[in-house]
Amino acid sequence: MSRYLSERFASLEPYTPGEQPRDMAYVKLNTNESPFPPPPEATRAAARAAERLNLYSDPRLTCLRKELSRVYGVQEENVLCFNGSDEALLLCFMAFCDGQHPAAFADITYGLYPVLAKVTGAPFEVIPLKDDLTLNVNDYVGIGKTVFIANPNAPTGIALAPEEIRRIAQSNPQNAVVVDEAYVDFGAESCLGLLDQCENLVIVRTFSKSRSMAGARLGFVIAGEELIRDLDALRYSVNPYNVNSMTLAAGEATVKNEAWMHSCVQTICLNRAWTEKELKALGFEMTPSKANFLFVRHPRIGGKELYLKLKARGVLVRHFDRDRIRDFNRVTVGSLDDMKALVRETKAILEEIK
Ligand SMILES: *Cc1c(COP(=O)(O)O)cnc(C)c1O
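Cut-off values and rules
Residues numbered from 1 in each chain as written. Predicted model: local features only at pLDDT ≥ 70, side-chain atom pairs only at ≥ 80, totals over all residues. Heavy atoms only, no water. Pairing = 2+ DSSP bridges. Helix = DSSP H or I, 4+ residues; strand = E, 2+ residues; numbered from the N terminus. Contact = heavy atoms within 4.5 Å. Axes fitted to C-alpha atoms, helices over the stretch in contact; angles between N-to-C directions. Parallel < 35°, antiparallel > 145°, perpendicular 65-115°, else oblique. Nonpolar A, V, L, I, M, F, W, Y, C, P; charged D, E, K, R; others polar. Buried < 20%, exposed > 50% of the residue type's maximum accessible area, 1.4 Å probe, protein only. Near = heavy atom within 4 Å. Polar contact = N/O pair within 3.5 Å; in protein donor to acceptor, adjacent residues only side chain to side chain. Areas by Shrake-Rupley, 256 points an atom, 1.4 Å probe, with all protein chains shown as cover. Domains from an automatic or database assignment. Buried area = accessible area lost by both parts, 1.4 Å probe. Salt bridge = Lys/Arg side-chain N within 4 Å of Asp/Glu carboxyl O.

Novice: Please provide a residue-by-residue account of the sheet that holds strand β10 (residues 293–297), values included.
Specialist: The 3 strands lie next to each other as β9-β10-β12, forming an open sheet whose pairing is antiparallel. Looking at strand neighbours, the two that pair on one side only are β9 (285–286) and β12 (329–332), the edges of this open sheet. Pairing between β9 and β10: 2 bridges, direction antiparallel. Opposite Met286, over in β10, you have Val296 as the bridge partner. Where helix α8 (residues 258–281) meets the sheet, its contacts fall on β9 and β10, and the angle it forms with β10 comes to roughly 5 degrees.

Novice: Which residues make up the packing of helix α3 (residues 84–96) against helix α6 (residues 225–238), and what are the values?
Specialist: For any two helices packed against each other, the geometry comes down to the angle between their axes and how far apart the axes lie. Where α3 contacts α6, the two axes come as close as 10 Å, and the packing angle between them is 110 degrees. Classed by the angle they form, the pair α3 and α6 counts as roughly perpendicular. Across the interface between the two elements, Leu91, Cys92, Met94, Ala95 and Phe96 from α3 touch Leu227, Asp230, Leu231, Leu234, Arg235 and Val238 from α6. Of the residues belonging to the contact of α3 with α6, the class tally is 9 nonpolar, no polar and 2 charged.

Novice: Just give me the short version of the pairing of strand β8 (residues 219–223), but keep the residues and values in it.
Specialist: Taken across its 5 residues, β8 has 5 buried, putting it largely inside the fold. In β8, alternate side chains face the same way, and those of Gly219, Val221 and Ala223 on one face and Phe220 and Ile222 on the other are all buried. The sheet contact formed by strand β2 (residues 79–82) and β8 spans 4 bridges and is antiparallel. Bridging across to β8, Phe82 finds its partner in Gly219. The pairing of strand β7 (residues 201–206) with β8 spans 5 bridges and is antiparallel. From the neighbouring strand, Ile203 faces β8, where its bridge partner is Ile222.

Novice: Can you explain the site of the ligand? Please cite residues and give values.
Specialist: Neighbouring the ligand are Gly84, Ser85, Asp86, Tyr110, Asp180, Ala182, Tyr183, Thr206, Ser208, Lys209 and Arg217. Ser208 places a side-chain nitrogen or oxygen 2.6 Å from an oxygen atom of the ligand. Considered on its own, the ligand offers 390 Å² of accessible surface; in the complex 93% of this is hidden by protein. Top element by residues in the shell around the ligand is α3. It accounts for 3 residues. The residue inventory of the shell around the ligand, partitioned by class, reads 3 nonpolar, 4 polar and 4 charged.

Novice: Explain the domain arrangement of the protein chain to me, using residue names and the numbers behind them.
Specialist: Looking at the protein chain, the domain boundaries give domain 1 (7–36 + 259–352) and domain 2 (48–257). Taken over C-alpha atoms, the centre of domain 1 sits 24 Å from the centre of domain 2. The interface is formed by 31 residues belonging to domain 1 together with 33 residues belonging to domain 2. Taken together, both faces of the contact between domain 1 and domain 2 bury some 2500 Å²; the carbon and sulfur share is 63%. Sorting the residues of domain 1 by area buried against domain 2 places Tyr15, Lys290 and Arg324 first, and these three jointly supply 26% of that buried surface. The interface formed by domain 1 and domain 2 holds 1 salt bridge in total.

Novice: Residue-level account of the pattern of salt bridges, with values.
Specialist: Under the counting rule described, the total for this entry stands at 23 salt bridges. Here Glu125 makes a salt bridge to Lys145, at a shortest N to O gap of 2.6 Å. Placement of Glu125 in strand β4 (residues 124–127) and of Lys145 in the loop between β4 and β5 (146–150) is noted, with a sequence separation of 20 residues between them. Among the salt bridges present, the one from Asp232 reaches Arg235, with a minimum N-O distance of 2.8 Å. Taken as a pair, Asp232 and Arg235 lie in helix α6 at a separation of 3 residues, close to a single helical turn. There is no split in this pair, since Asp232 and Arg235 are both buried. Taken together, the shared-partner salt bridges in this structure form one network comprising Lys309, Arg313, Arg344, Glu345 and Glu352.

Shown next, in the form of structure tokens:
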């Protein structure tokens, strides 16, 4: 730390992203990226936009907001785009959390939430999941805090029903309730249908997982018009050109080709079912995942040991070295070839330690 750093950030513990190693070609199952490229017209649109890099991107994000509002059946005033959903989450913490509106989220969920709470100075409560890693909805009913819920949750993949989110939102009318639907396309039910009944609901989505655009950094929020205006005021205050023109162009082309996404998602879901079955046959236990990853543990090998042995064999998964989930690894569901490599190497490791 330099002596110039603001005291506010002296004890900050930054978020640790999954490794992006360049030392060898791994079967990369550690950051929940899509194994598929975005549709070819998206890459072409980005290349065309690159020819006009001398100009600023559209600060109003008009074309992409229009396309998203069409696909999701809402008004353009209900949609706003961000530099990844991580930026959307940051602005949600800035906009909707303070001493009067403390944040609340689970102990085991997206690791960025506590980091964002700290960096924005928001007071927050961490609420433990149950022993089976499911969320107790009653813990949040009437809590009087700004609730952040990843649905499906990460890294467990466990999803709540919209009805449960509705209970949380309607019982906390003084607070925003932020539902992070990063993985919802892989088989959970979206809370979009609740927007009419819950004016405090904020739905956060990303292009990074189901839409194969993690490297482009694109996320969006769907919410009531007033909440969107609040977020937009903050966006204009911190980063008015937050989404670059290549990403805007690629995003628009991707949204226009929903069939492409549906086909990718369908393949991932089939590969998830295949991997579940294979890993269970090897003795693994896992949470019921509705996401593009599995959260797995084996009674005969520790989480860290399995992670390291897989890495040595060229397969990268995500291990979280923290209480309650140390025995687990989170395995992204990739292509069938990726999953076959995972199962093959895992089998060899289990043989080895017999
Ligand atoms: C991947 C992920 C995000 C981040 O998405 P970006 O749009 O890439 O910033 C947000 N929330 C959860 C729960 C995620 O897993």
